[in-house]
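# Results of the structural survey
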Amino acid sequence: MKLNNSIQLFSRAQQSIPGGVNSPVRAFKSVGGTPLFIKKAKGAYLYDADGNQYIDYINSWGPMILGHAYDPVVKAIQEKAIDSTSFGAPTELEIEIAELIKSMAPNVDLIRMVSSGTEACMSALRLARGYTGKNKFIKFEGCYHGHADSFLVKAGSGLATFNIQTVPGVTGGVSNDTLTCAYNDLQAVKKLVAENKNEIAAIIIEPVAGNMGCIIPKEGYLEGLRKICDEENIVFIFDEVMTGFRLAAGGAQERLKVNADLVTYGKVIGAGMPVGAFGGKKEIMQHIAPLGNVYQAGTLSGNPIAMIAGYTLLKELKNNPGIYKELDKKAAYLYKGLNEVLKASGQPYVINQLGSMISIHFSEKPVIDFTSAATANNTLFNKYFHHMLQAGIYLPPSAFETWFLSDALSYEDLNKTIEATNNFLTAIV
Ligand code: HOZ
């Protein structure tokens, strides 16, 4: 496979962009090699600057549920752009998307649009603190809620990939209020809550974690957290930046039948445009300015191009619930095929999958939290990544990221993925 143009572009990018990329996980730093520079994408396929085609399992880290450059979304953006790209003033479209989200997601009485998942989580935490009058909060090791200061403690995604333990620039004062527990360990949360009685404003969690590979909540775990929050007057925040509108029309709340008090969204609700949102129960959301004094604002919030893109995608998802069944079928097919070839290889492995989120860890033990994800054979994963890339399959460049399926994937694409995995396993034995 020829990568001359990507190599040249990466070298040029490093002269003017830190590390040559605008977000660290793109840099291929842990897997090694040159990041692909992407020229275009359509459906299930990406095309790089050298004209190579790849089956895409990143899907812009989640939003391309129906595949890239989905025709109705492209058309809607084109038509909207003629009327200007930003007003910084309210539009009817913002009401329409808010009403649409309320009709899809449980427990969302009011919703505020922002421009990224980071902003959404940062604002939801501020709101939880403003509402409860408490400062501390609990997050889980290996979960990633964007790059706002408070969340950069034992975080997943790029911080796990690059093994960044503490982030220079985040003050001790801020991170002292961030308490952490292992994912899936309810007892540890109970202990932490007891030790910090009446001091915890919020518990924030990825209801299905996607930033340490894919990690599934144990049975009763989320329900247990819900109960603790109810008993201790703690705001329960679901970070549904990845799971929202992906695991079901109503996200993880619907699929796992657990209610959150506040929910954060990103990526998906803009169909890949820079959008985020946070919403939830009126009793809490009414503390946001201008209704209340918890201040949060943004010139580009509710941007018309982002709104029409998101509205068009979400409407498709709402009107075609069969999409989720089809996505589940494809994910189950991929799981079965990967499971067969991995089992036959004798290589220790774990496949975690829920809905259209899936990942492989080369591990002998179940992967249920950050420690088990980190102790898997991630050097082998890096080799696997490169083998798959050579075979035209674009996986996340880190074992600490989930893969995302799109409905545009064909069974032939899935078969190619299984076959390439088998070839890799045969080659390393
Ligand atoms: N947070 C995204 C999924 N882990 C990756 C996007 C990024 O950091 O560039």
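Residues numbered from 1 in each chain as written. Predicted model: local features only at pLDDT ≥ 70, side-chain atom pairs only at ≥ 80, totals over all residues. Heavy atoms only, no water.

### Things to note about the overall build of the protein chain
- Regarding its fold elements, the protein chain presents 15 helices and 14 strands.
- Whereas a compact globule of 429 residues would reach a radius of gyration of roughly 22 Å, the protein chain reaches 21 Å, a difference of no more than 12%.
- Each principal axis of the C-alpha distribution contributes one length, and for the protein chain these read about 60 × 55 × 45 Å.
- A total of 429 residues make up the protein chain; the buried ones form 56% of that total.
- Long-range pairs, those at least 24 residues apart, make up 73% of the contacts in the protein chain with a sequence separation of at least 6.
- Positive and negative side-chain charges in the protein chain, numbering 39 and 40 respectively, have mean positions lying 2 Å apart. (Helix = DSSP H or I, 4+ residues; strand = E, 2+ residues; numbered from the N terminus. Rg over C-alpha atoms; globule rule 2.2 N^0.38 Å. Buried < 20%, exposed > 50% of the residue type's maximum accessible area, 1.4 Å probe, protein only. Contact = heavy atoms within 4.5 Å. Lys, Arg positive; Asp, Glu negative; His and termini not counted. Charge placed at Lys NZ, Arg CZ, Asp CG, Glu CD.)

### Points about the packing of aromatic side chains
- Enumeration over the complete set of coordinates arrives at 17 aromatic pairs.
- When the ring of Tyr54 is compared with that of Tyr394, the centres are 6.2 Å apart and the planes differ by 55°; the resulting orientation is tilted. Of this pair, Tyr54 sits in strand 3 (residues 53-56) while Tyr394 sits in strand 13 (residues 393-394), and the two are 340 residues apart along the sequence.
- By relative accessible area, Tyr394 is classed as buried at 12%.
- Relative to Phe151, the ring of Phe137 lies with its centre 5.5 Å away and its plane at 75°, an arrangement referred to as edge-to-face. Pair noted here: Phe137 is in strand 5 (residues 136-140) and Phe151 is in the loop between strand 5 and helix 5 (158-161), with a separation of 14 residues, a long-range link. Both residues of the pair, Phe137 and Phe151, belong to the buried class.
- Counting every residue linked through ring pairs, the aromatic cluster contains Tyr57, Phe362, Phe381, Tyr384, Trp403 and Phe424. (Phe/Tyr/Trp six-rings, centres within 6.5 Å; stacked < 30°, edge-to-face > 60°.)

### Concerning the environment of Asp413
- Looking at where Asp413 falls in the secondary structure, it is placed in helix 15 (residues 411-428).
- Between the C-alpha atoms of Asp413 and Leu380, which are 33 residues apart in sequence, the distance is 23 Å.
- With near-sequence residues (within four places) excluded, Asp413 lies in contact with Ala44, Tyr45, Ile55, Tyr57 and Ala408.

### Thoughts on the sheet that holds strand 14 (residues 403-404)
- Strand order in the open sheet formed by three strands is 11-12-14, with antiparallel pairing between adjacent strands. Among the strands making up the open sheet, the edge pair consists of strand 11 (350-354) and strand 14.
- Where strand 12 (residues 357-361) and strand 14 come together, two bridges link them in antiparallel fashion. Its bridge partner lying in strand 14, Ile358 is registered against Trp403.
- The sheet contacts of helix 12 (residues 322-345) involve strand 11, strand 12 and strand 14, and relative to strand 11 the element is tilted by about 175°. (Pairing = 2+ DSSP bridges. Axes fitted to C-alpha atoms, helices over the stretch in contact; angles between N-to-C directions.)

### Brief notes about the site of the ligand
- Close contacts around the ligand come from Ser23, Val25, Trp61, Tyr144, Ser157, Asn211, Met242, Lys267 and Glu401, and that covers them all.
- Measuring from a nitrogen atom of the ligand, one finds a side-chain N or O atom of Ser157 at 3.0 Å.
- A distance of 2.4 Å separates a nitrogen atom of the ligand from a polar atom in the side chain of Asn211.
- In the complex, 88% of the free accessible area of the ligand, which totals 280 Å², lies under the protein chains.
- Grouping the amino acids of the shell around the ligand by side-chain chemistry returns four nonpolar, three polar and two charged. (Near = heavy atom within 4 Å. Polar contact = N/O pair within 3.5 Å; in protein donor to acceptor, adjacent residues only side chain to side chain. Areas by Shrake-Rupley, 256 points an atom, 1.4 Å probe, with all protein chains shown as cover. Nonpolar A, V, L, I, M, F, W, Y, C, P; charged D, E, K, R; others polar.)

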